[in-house]
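# Fold and contact review
Given next are the chains, with one letter for each unit.
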Amino acid sequence: MSTDGATLEQAKAAAKKVNAAWKFDLNLMKWAHPEVMGRPFTLRLVSDERMKQEDGAGTRATTSGGGNRINLRMSLLDTAQAHIDLTIAHELGHVQMHRAMGKSPHASSVPHYFSEGHGLMMNLYYAEYLHTDKEAGARTEIKVIMALAPEELEQILTDGNYYRVGTPAEQANKTFKMECVGVFFVEHLRTQKGIPDAVQRMGQVFEAIGSGLTYEQAFARVYGFSVKRAVSELVASFKRTATHPADRVQGTRYEAYVPAKK
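First, a word on scope: everything that follows refers to the structure included in this document. Note on numbering: residues in each chain are counted from 1, in written sequence order. Only residues with pLDDT of at least 70 are given local features in this predicted model, and only at 80 or more are side-chain atom pairs given and counted; all residues enter the totals for whole chains, interfaces and linings. Processing note: side-chain calculations cover all non-hydrogen atoms of the structure and skip hydrogens and water entirely.

## Remarks on the nonpolar core
For soluble globular proteins, the rule of thumb is that nonpolar side chains tend to be buried together. Stated formally: Side-chain atoms within 4.5 Å are what join buried Ala, Val, Leu, Ile, Met, Phe, Trp, Tyr and Cys residues into a set we call a nonpolar core. Relative accessibility decides the category of a residue: with a 1.4 Å probe and only protein chains considered, values under 20% of the type maximum give buried, values over 50% give exposed, and everything between is partly exposed. Here a helix means four or more residues in a row that DSSP labels H or I, a strand means two or more in a row labelled E, and each is numbered from the N terminus. The contact criterion used throughout is that any non-hydrogen atoms of two residues lie within 4.5 Å.
Tyr113, Phe114, Phe185, Phe206, Tyr215, Phe219 and Tyr223 are the most contacted members of the largest nonpolar core, which totals 78 residues. When residues in this core are grouped by element, the largest group, nine residues, is from helix α3 (residues 81-101). In this view, Tyr215 contacts Ser109, Val110, Pro111, Tyr113, Phe114, Val205, Ile209 and Val227; residues no more than four positions away in its chain are not counted.

## Description of the packing of helix α8 (residues 198-210) against helix α9 (residues 215-223)
Under the convention used in this document: Every angle, taken between N-to-C directions, lies between 0 and 180 degrees, and every axis is a line fitted to C-alpha atoms, over only the stretch in contact when it is a helix. What sets the label is the angle itself: under 35 degrees gives roughly parallel, over 145 gives roughly antiparallel, 65 to 115 gives roughly perpendicular, and the rest give oblique. By convention the crossing between two helices is left-handed if the near helix lies anticlockwise of the far one by an angle smaller than a right angle, and right-handed if it lies clockwise. Three categories are distinguished: nonpolar for Ala, Val, Leu, Ile, Met, Phe, Trp, Tyr, Cys and Pro, charged for Asp, Glu, Lys and Arg, and polar for the others, with Gly belonging to the last.
Contact geometry for α8 and α9: axes closest at 9 Å, N-to-C directions at 135 degrees. Of the possible angle classes, the one that applies to α8 and α9 is oblique. Relative to α9, α8 is oriented so that their crossing is right-handed. Contacts from Ala198, Arg201, Met202, Gln204, Val205, Ala208 and Ile209 in α8 reach Tyr215, Ala218, Phe219, Val222 and Tyr223 in α9. Its residues assigned to classes, the contact of α8 with α9 comprises 10 nonpolar, one polar and one charged.

## As for the packing of aromatic side chains
Under the convention used in this document: By convention, a stacked pair of Phe, Tyr or Trp rings (six-membered ring in the case of Trp) has centres within 6.5 Å and planes under 30 degrees apart, an edge-to-face pair has planes over 60 apart, and any other such pair is tilted. When the NZ atom of lysine or the CZ atom of arginine is within 6 Å of a ring's centre and also within 35 degrees of its normal, the charge is said to sit over that ring.
Taken as a whole and assessed by the stated rule, the structure comprises 15 aromatic pairs. On the numbers, 6.3 Å between centres and 40 degrees between planes, the contact of Phe185 with Phe219 is tilted. Of this pair, Phe185 sits in helix α7 (residues 168-192) while Phe219 sits in helix α9, and the two are 34 residues apart along the sequence. The residues Phe185 and Phe219 share a single accessibility class, namely buried. Cation over ring: Lys174 sits above Tyr162, and NZ or CZ is 5.3 Å from the ring centre. Seen from the ring of Phe238, Arg248 lies directly overhead, with NZ or CZ sitting 3.9 Å from the centre.

## Brief notes about the packing of helix α6 (residues 150-158) against helix α10 (residues 227-240)
One way to put it is that α6 packs onto α10 with a least axis distance of 9 Å and a crossing angle of 160 degrees. One way to sum up the angle between α6 and α10 is to call them roughly antiparallel. Relative to α10, the crossing made by α6 is right-handed. Taking contact as the criterion, the partners of Pro150, Leu153, Glu154, Leu157 and Thr158 in α6 are, on α10, Val231, Leu234, Val235, Phe238 and Lys239. Tallied by class, residues from the contact of α6 with α10 come to seven nonpolar, one polar and two charged.

## Description of helix α4 (residues 112-130)
Spelled out, the test is: To estimate how far a helix should reach, multiply one less than its number of residues by 1.5 Å.
The end-to-end C-alpha distance of α4 is 27 Å, a good match for the 27 Å that 19 residues give at a rise of 1.5 Å each. Within α4, 15 of the 19 residues are buried, leaving the element largely enclosed by the surrounding structure. Phi turns positive one or two residues past the end of α4, at His131, with a value near 60 degrees.

## A short note on the pairing of strand β1 (residues 42-46)
Rules: Pairs of strands are assigned from DSSP output, requiring at least two bridges between the strands.
Buried residues dominate β1, accounting for four of its five residues. Looking at chain direction, β1 and strand β3 (residues 69-73) are connected through five bridges and run parallel. Along β3, the bridge assignment pairs Leu45 with Leu72.

## A look at the pattern of salt bridges
Two side chains carrying opposite charge are able to pair once their charged atoms lie near each other. Worth spelling out the cut-off: Take a side-chain nitrogen of Lys or Arg and a carboxyl oxygen of Asp or Glu: if they are within 4 Å of each other, that pair is a salt bridge.
Counting across every chain of the model gives 10 salt bridges. We note a salt bridge from Lys17 to Asp85, for which the minimum N-O separation is 3.2 Å. Of the two residues, Lys17 sits in helix α1 (residues 8-29) while Asp85 sits in helix α3, which places them 68 residues apart along the sequence. In this structure, Lys177 and Glu152 form a salt bridge, with 3.1 Å as the shortest nitrogen-oxygen distance.

## Concerning α6
We apply this condition: The directions considered for the arc run from the helix axis to the C-beta atoms.
Looking only at α6, the buried set comprises Pro150, Leu153, Ile156 and Leu157. The buried residues of α6 occupy an angular sector of 120 degrees when the element is viewed end-on, so they sit on one face. Seen from the buried face of α6, the exposed residues on the opposite side, beyond 90 degrees, are Glu151 and Thr158. Against the buried residues of α6 lie α4, α7 and α10.

Rendered as structure tokens:
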């Protein structure tokens, strides 16, 4: 639906892309209760101007209504296929996350870096599925990871208000850093901690929260160690590699994108 003049052809094109990405995310995550995912949701096509007013300049899409609606910037329908498809897969990851947690009072205990890490993993896996070029994102993210000081990493992983402080420009920069840390945190679990199904286990964390556990309790049950331990080990890794930051991405998918030394 749209109140901003989307044509029937645009609505059909968007719905087709949403349906394809929804099926992909659903199959990737292997939810224990797929019936929870089955209820309808609203796709709202929004003009650039309205999106700017509601969510800020540069926002491509958002999820709202507790997993009942995604808001998609209409101009994305005129851009390259991969750009919009990956954005949709990301937002649908959020929709499925919200549905898995349901009305749990502990849903708000999920750190933003973890939920964004999950959404960005949907981007990454969908890019691989579509055989699209994902290098641009990886090359940008690795620059953040390699430049990040251990102290700031720890703040991102422990302070929920980290990205909410500062001027709008500073908040935007911090939000991007937080998102890069989120996806690297998951990649760290998957490769450096030896958990190949780390992404699918994220879904189990969301479902455990839906059953009444806090994020910390759910994480420990699903991964077998505490969030505190995971954070401390990653921070320790950043400290060890402070003078050779390329070492912190060894064994991860980011290793291929380490900038060449000049």
